[in-house]
Structure formats: C-alpha cells, structure tokens
Amino acid sequence: MERYNRNIALIGQDGQNKLLSAKVLVCGCGGLGSFVIANLAALGIGNIGLVDDDSVEISNFNRQFLHNTIGEKKVLSAQKWINTFNPEINTKTYETRLNISNYSDIIKDYEIIVDCFDSYESKFLLNDIAVKEKKILIHGGVSEFYGQATVIKPGTPCLRCLFDYVEDNVPKGIISPVVSVIASIQAVEVTKQILNLPNTLEGLLLTYNGIKNEFKKLQMNKSSDCICNY
Ligand SMILES: [Zn+2]
C-alpha cells in the first residue's frame, strides 16, 4: 500500500480499495489509450482490459509511448508495459476489432468502458453498445490542437444525440501533448465514477482548444430522434 500512499492521502484507503477492485475496459491502445492506460496503472485500477487489433507502426511513436517494437500487437506491448510498471494489476487482452457479434463476451466483465478509439465509425459503434448494455462510457476524441470528452451513462445524452454522423476523413495531424490532455481528463472521469464523486461530465461535452488555451463545457441534450432510443 506504500505504493499508493499519495493516492490514499487524497481518497482514503476505502477509495484505494475501490480502485483496486474496479474493472475498466480500454478500447483502443493507440495515442489516447497509451496515456489512459498509464494513468489507470498508476492509480492502481486493479483490472484493466485492452482492446485493439492493430500492430505498432513507426508513425505511432510521436504519441503512443507504451509501444517500442514495430510490428508487435498493441495489446501485447501495452500489457507488457503495465506488467513492468505495476505487476499487481490484472490485465486481459482482446486482440480484435470490436464488432456487433463479438462485443458481448468482451464487455460483460467491465463496469466502465473508455473510448480511446481513433475513428468515428468505431466511436459510434462503442456508443451504441454502451447505451444498449447500460455501461458507463468515458468518451474522448482528439484532432490537431483540439479535443473533447464526455461521460455517457444510462439516461444521459449520448454521442448520437449530439451528432448524427461524423465522416472519418484523411487522418489529421495529431500531437502527443494534446492527446495527453484529453486522456488525463478521461482518467479523472474514470476515477470520479469509481469513487462516486460529484461534478462529472455526464450530459456535458468538455471541449479543449490548445491554441486558445480554452476549455468549454457545453450542455448536451437528449435527442428524441436518437437512434439509440429505438
Ligand atoms: Zn442518444
């Protein structure tokens, strides 16, 4: 427990025990995933699931710092990183692309899902799954100098309430410090959900503009036309 004594000074032994017994699924082990996973491992989240079907490419290294071997599966290098940094954490890897026919076996053991996917196609799929299965979804997204985060829970507005559809264009530029801002916010929101702390991002879209040094909290409204209602 000495490892966590600064955590415990803030959240108490009770709080630390809750983190140690929590089960969190990280969907995507790329840029957001790297920083989210590192934060969850430092917090002592006791059970971390890792979903990704990608292998490491050299162009990942500007932001995906858990990985260091080209060609290695990202779930495996992320798992190795966790095992080295905090061997007490239980990890489970899912080397697959999440889809409508395989998701139920993967998500059933987790209370909280963190959206670290890099395409809107995957983000919307994850949104629909989380709403249907009544899971807590911690959404994050980054592009260029901008990012956003929100928390979706049963009864709150979801991504589909906000956007009908977002086209995945040619990959835009993306830099590590902006990714780490949004990933850190996601990890704070994971902590608040596990510890039942107030003022979460439920129903609020937090936006970050790195050029202007500006954070905004935008009210999200539940849409009666949202396809997740049907
Ligand atoms: Zn919705």
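Residues numbered from 1 in each chain as written. Predicted model: local features only at pLDDT ≥ 70, side-chain atom pairs only at ≥ 80, totals over all residues. Heavy atoms only, no water.

Another point: the coordination of the zinc ion. Coordination of the zinc ion by the protein is provided by Cys158 (SG), Cys161 (SG) and Cys226 (SG), with metal-donor distances spanning 2.2 to 2.3 Å. Counting the intervening residues between successive donors of the zinc ion yields the motif C-x2-C-x64-C. There is no split in this pair, since cysteine 158 and cysteine 161 are both buried. (Donors = N, O, S within 2.8 Å, 3.2 Å for Na, K, Ca; no water. Buried < 20%, exposed > 50% of the residue type's maximum accessible area, 1.4 Å probe, protein only.)

With that settled, the discussion passes to the packing of aromatic side chains. Taken as a whole and assessed by the stated rule, the structure comprises seven aromatic pairs. When the ring of tyrosine 94 is compared with that of tyrosine 110, the centres are 6.3 Å apart and the planes differ by 80°; the resulting orientation is edge-to-face. Here tyrosine 94 is found in strand E3 (residues 90–94), whereas its partner tyrosine 110 is found in the loop between helix H4 (103–107) and strand E4 (112–115), with 16 residues between them in sequence. Aromatic side chains tyrosine 120 and phenylalanine 124 sit 5.8 Å apart centroid to centroid with 45° between the ring planes, which places their arrangement in the tilted category. Linking tyrosine 120 with phenylalanine 124, this pair stays in helix H5 (residues 120–132), spanning four residues, or about one helical turn. One aromatic cluster is present, built from ring pairs that chain together Phe35, Phe65, Trp81 and Phe85. (Phe/Tyr/Trp six-rings, centres within 6.5 Å; stacked < 30°, edge-to-face > 60°. Helix = DSSP H or I, 4+ residues; strand = E, 2+ residues; numbered from the N terminus.)

In this section: a nonpolar patch on the surface. A surface patch of nonpolar side chains, about 370 Å² in accessible area, is lined by Phe145, Tyr146, Ile175 and Ile211. Assignment of secondary structure puts isoleucine 175 in the loop between helix H6 (159–162) and helix H7 (176–195). (Patch = residues over 30% accessible without salt bridge, like charges linked within 9 Å, V, L, I, M, F, W, Y side chains within 5 Å. Areas by Shrake-Rupley, 256 points an atom, 1.4 Å probe, with all protein chains shown as cover. Salt bridge = Lys/Arg side-chain N within 4 Å of Asp/Glu carboxyl O.)

Attention shifts here to the sheet that holds strand E8 (residues 214–219). In spatial order, the strands read E3-E2-E1-E4-E5-E6-E7-E8; together these eight strands make up an open sheet with mixed pairing. On the outer flanks of this sheet lie E3 and E8, each paired with one strand and no other. Pairs of neighbouring strands in the sheet enclose a mean axial angle of 15°, with direction left out of account. Sheet topology places E4 next to strand E5 (residues 136–143); four bridges connect them, and they run parallel. Residue isoleucine 112 lies in a different strand from E5, and its bridge partner there is isoleucine 136. On the sheet, helix H2 (residues 31–43) packs against strand E1 (23–27), strand E2 (47–51), E4 and E5 and is oriented at approximately 165° with respect to E1. Seen against the sheet, H7 touches E1, E4, E5, strand E6 (146–152), strand E7 (204–209) and E8 and runs at an angle of roughly 170° to E5. (Pairing = 2+ DSSP bridges. Axes fitted to C-alpha atoms, helices over the stretch in contact; angles between N-to-C directions. Contact = heavy atoms within 4.5 Å.)

With that out of the way, let us pick up a negative patch on the surface. On the surface, Asp118, Glu121, Glu167 and Asp168 cluster together to form a negatively charged patch. Residue position: aspartate 118 is located in the loop between E4 and H5. (Lys, Arg positive; Asp, Glu negative; His and termini not counted. Charge placed at Lys NZ, Arg CZ, Asp CG, Glu CD.)

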